[in-house]
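Take a look at the letters that make up each chain.
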Amino acid sequence: MAFSVAEVPRVILGEACALAAPLAWSFAVVFFKRSSGASSVSINLFKNTVAFGLLSVTLLVLGIRPPADRSWLAWARLAASGLLGLAVSDTLLFAGLRRIGAARLAVVDTAYGPLMVLMSATFLGEALSPRFLVGALAVLTGVAVATIDPSRLRVVDADRAELRRGLLYAFLAISGTAVGVVIATPVLKESNLLEVTWTRLGAGLVGMLAGTLFSGRGAEAATAFRPGPLWRSLVPATLLGTWLSLILWLGGFK
């Protein structure tokens, strides 16, 4: 008997995507950390370029095209979401990861849940029952307890300024990502998942290319595009953290 994804209840499929996305992202973070031989701008430009190319091929194979009747407001929402979430926030995230490491980044990541819940209730009008809030608090507490390892979080005085800078970058990145999702969610609910992911990536890539050219950082940004040992970690990080994780992540919201 043939099985179709369409037969799976939307809630179950959404929860499966929401659980699978951070799993893929956690592996990607480890690979991205190993790619610190390149700058955060170079890494982000590389992963956005490769992921955009992969999604372009995917859309061509599946025959998916952007809707011709999409309003200018909807296009603006997706463009703003991509610029904020995939150009600015991801660059800040890699800058933070370089300074604080994967373990501390996982701790800062726990702020994403409360921020997302707060903004969804405030700007999207999503109802939050007391049972949901208690369950969310329990999950976040469990993640924090399981993640925090005091022996790995110690820092010497000489590194405290760099640590604070890295924590700030990471928190701003997570906040920007949450805002970007809230901006795109109304469009996502009525659009094709892959096409919205592709459009956001395209906007983020164009924004990064423009920023790189105008800032004169082209040579720096080109570092990650040179074939070499760096690709051993950067390519799998891009496949897991941008192409797969982004689709799963937005799928959960849809």
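This text goes with the structure placed above it.
Keep in mind the model is a prediction, meaning the values are calculated, not measured. (Residues numbered from 1 in each chain as written. Predicted model: local features only at pLDDT ≥ 70, side-chain atom pairs only at ≥ 80, totals over all residues. Heavy atoms only, no water.)

Caption draft 1: Representation of a nonpolar patch on the surface. Together, Leu54, Val235, Leu239, Trp243 and Leu244 make up a nonpolar patch on the protein surface, roughly 340 Å² of accessible area in all. The element contributing the most residues to the nonpolar patch is helix 10 (residues 231-253), with 4 residues. The topology assignment puts Leu54 in helix 2 (residues 40-62). The exposure class assigned to Leu54 is partly exposed, which follows from its relative accessible area of 30%. (Patch = residues over 30% accessible without salt bridge, like charges linked within 9 Å, V, L, I, M, F, W, Y side chains within 5 Å. Areas by Shrake-Rupley, 256 points an atom, 1.4 Å probe, with all protein chains shown as cover. Salt bridge = Lys/Arg side-chain N within 4 Å of Asp/Glu carboxyl O. Helix = DSSP H or I, 4+ residues; strand = E, 2+ residues; numbered from the N terminus. Buried < 20%, exposed > 50% of the residue type's maximum accessible area, 1.4 Å probe, protein only.)

Caption draft 2: Fine view of helix 2. Here helix 2 is 23 residues long and its end C-alpha atoms lie 33 Å apart, about the 33 Å a rise of 1.5 Å per residue gives. Gly63 sits one or two positions beyond helix 2 and adopts a positive phi of about 70°. (Expected span 1.5 Å × (residues − 1).)

Caption draft 3: Structural detail: the pattern of salt bridges. The final tally for this structure, using the stated rule, is 5 salt bridges. Asp90 is the salt-bridge partner of Lys47, the closest N and O atoms lying 2.3 Å from each other. Remark: Asp90 occurs in helix 3 (residues 72-109) and Lys47 occurs in helix 2; sequence separation between them is 43 residues. The pair Lys47 / Asp90 is uniform in exposure class, with both members buried. Between Arg165 and Glu162 there is a salt bridge whose closest N-O contact spans 2.6 Å. You can see Arg165 and its partner Glu162 sitting in helix 7 (residues 160-188), 3 residues apart, about one turn around the helix. Salt bridges here are not isolated pairs; linked through shared partners, they connect Arg99, Glu162 and Arg165.

Caption draft 4: Spatial organisation of the packing of helix 3 against helix 8 (residues 193-215). One can describe the packing of helix 3 onto helix 8 by two numbers: an axis separation of 7 Å at closest approach and a directional angle of 60°. The angle between the axes of helix 3 and helix 8 places the two elements in the oblique class. For helix 3 against helix 8, the interelement crossing comes out right-handed. Residues Trp75, Leu78, Ala79, Ser81, Gly82, Leu83, Gly85, Leu86, Ala87 and Thr91 of helix 3 pack against Glu195, Val196, Thr199, Arg200, Leu201, Ala203, Gly204, Gly207 and Met208 of helix 8. Tallied by class, the residues present in the contact of helix 3 with helix 8 amount to 10 nonpolar, 7 polar and 2 charged. (Axes fitted to C-alpha atoms, helices over the stretch in contact; angles between N-to-C directions. Parallel < 35°, antiparallel > 145°, perpendicular 65-115°, else oblique. Left-handed = near helix turned anticlockwise from the far one by under 90°. Contact = heavy atoms within 4.5 Å. Nonpolar A, V, L, I, M, F, W, Y, C, P; charged D, E, K, R; others polar.)

Caption draft 5: Representation of the packing of helix 2 against helix 3 in the model. It is at 8 Å that the axes of helix 2 and helix 3 come closest, and there the two elements cross at 130°. What the angle tells us is that helix 2 and helix 3 run oblique. For the pair helix 2 and helix 3, the sense of crossing is right-handed. Between helix 2 and helix 3, the contacting residues are Ser40, Val41, Ile43, Asn44, Lys47 and Asn48 on the first element and Leu86, Ala87, Asp90, Thr91, Phe94, Ala95 and Arg98 on the second. Considering only residue class, the contact of helix 2 with helix 3 consists of 6 nonpolar, 4 polar and 3 charged.

Caption draft 6: Here's a closer look at the nonpolar core. Core analysis: the biggest nonpolar cluster contains 48 residues, and Phe32, Leu105, Tyr112, Leu234 and Trp249 have the highest contact counts within it. Those elements that place two or more of their residues in this core are helix 1 (10-34), helix 2, helix 3, helix 4 (112-123), helix 7, helix 8 and helix 10. The greatest single-element share of this core, amounting to 10 residues, is contributed by helix 7. Discounting residues that sit within four places of it in the chain, Leu234 has contacts with Phe32, Ser35, Ile43, Phe46 and Ala224. (Core = buried A, V, L, I, M, F, W, Y, C linked by side-chain atoms within 4.5 Å.)

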